[in-house]
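Chain by chain, the residues:
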Amino acid sequence: LLQKFPAPSFTVITKMESFINQDRNKCGLVIMGGEWAFIAMEKENDSLYIRTYKGTYERCNDATKMTGSIAAITNSCYFHVTVDTTGSCQFSYSYDNDRFTDLGDPFTAKRGRWIGAKVGLFCTNPNILESKGYAIFDWFRVE
C-alpha cells in the first residue's frame, strides 16, 4: 500500500502489531522508488527483530542489504520515517510513541522509472511455504 510523497518534507508514523509466523516474513514501513529502504519487524529463528534494509536492482537482481537490527521486545511498535527537503529519510521505532530510536543509515529517496518516490506499508512472505502471518496497522499519519 503506497502513496506518493505528499510534500517536500514530512514525517510518517504508523502503529503496527505483527503476527508473522515464519522465518523471513516481514511487515513494516517502506520508502519505494528506483531504490528502496524500509523498517520492518522480521521473524528469524522464532524470534522477532526490528530491522532496516535498503536496496536496489542490480541487473534485475534484488540487492537488498540489512543496515540495522535490534531484538524486538514485543510484537507491537510504532514505526516512523522523517523525510527532509533533500529526500534524505531516517527510520526510527518506538514502543510508546514518545521516545523514538533511529535505526539504520539515512537513505536518499529516488524516483522510480515510471513512479515518483512513495511511502507505504507492507507485509510480505518471501518463503515458498504458505503462511497465515499478517500485520495489523492501526493507523498511518502524515505530518
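Numbering of residues starts from 1 in each chain and follows the order in which that chain's sequence is written. The predicted origin of the model limits local features to residues at a pLDDT of at least 70 and limits the giving and counting of side-chain atom pairs to 80 or more, whereas totals for whole chains, interfaces and linings rest on all residues. For the side-chain quantities, the full set of heavy atoms in the structure was used; hydrogens and water were omitted.

A word on the environment of Phe38. For Phe38, the location among the structural elements is in strand β4 (residues 35–44). Only protein chains enter the accessibility calculation, which uses a 1.4 Å probe; a residue is then buried when its area is under 20% of its type maximum, exposed when over 50%, and partly exposed in between. Classification of Phe38 as buried rests on a relative accessible area of 10%. Contact definition: two residues touch when any of their heavy atoms are within 4.5 Å. Those residues within four positions of Phe38 in sequence are excluded, and the remaining contacts are Lys26, Leu29, Val30, Arg51, Thr52, Tyr53, Thr64, Phe91 and Phe122. Elements are defined by DSSP. Helices are runs of H or I of four residues or more, strands are runs of E of two residues or more, and each kind is numbered from the N terminus.

The next subject is the pairing of strand β3 (residues 26–32). Burial runs high along β3: six of the seven residues are buried. Here, strands pair whenever DSSP counts at least two bridges between them. With seven bridges joining them, β3 and β4 adopt antiparallel strand pairing. Its bridge partner being in β4, Val30 is matched across the sheet by Phe38. The turn joining β3 and β4, which pair antiparallel and follow one another in sequence, is formed by two residues. Across seven bridges, β3 lies against strand β12 (residues 118–124) in antiparallel orientation.

A word on a nonpolar patch on the surface. Residues form patches when they are more than 30% accessible in relative terms and have no salt bridge. Like charges link within 9 Å. Nonpolar side chains (Val, Leu, Ile, Met, Phe, Trp, Tyr) link within 5 Å. All accessibility values rest on the Shrake-Rupley procedure with a 1.4 Å probe; residue burial counts only the protein chains present in the view. Whenever Lys or Arg places a side-chain nitrogen within 4 Å of a carboxyl oxygen from Asp or Glu, that contact is recorded as a salt bridge. A contiguous nonpolar surface patch, about 260 Å² in accessible area, is contributed by Phe19, Tyr134 and Ile136. Following the sequence through the fold, Phe19 ends up in the loop between β2 (10–18) and β3. Here Phe19 falls in the partly exposed class, since its relative accessible area comes to 30%.

Counting buried positions along β2 yields seven of nine residues, so the element is predominantly enclosed. By the bridge criterion, eight bridges tie β2 to strand β8 (residues 76–83) in an arrangement that is antiparallel. Bridged to Met16 within β8 is Cys77. Judged from the seven bridges that link them, β2 and strand β13 (residues 135–142) form a sheet pairing that is antiparallel. Within the sheet, the bridge partner assigned to Val12 lies in β13 and is Val142.

One can find Thr52 in strand β5 (residues 47–58). For Thr52, a relative accessible area of 2% translates into the label buried. When sequence neighbours within four positions are dropped, the list of residues in contact with Thr52 reads Phe38, Ile39, Lys65, Met66, Thr67, Gly68, Phe91, Leu103 and Gly104.

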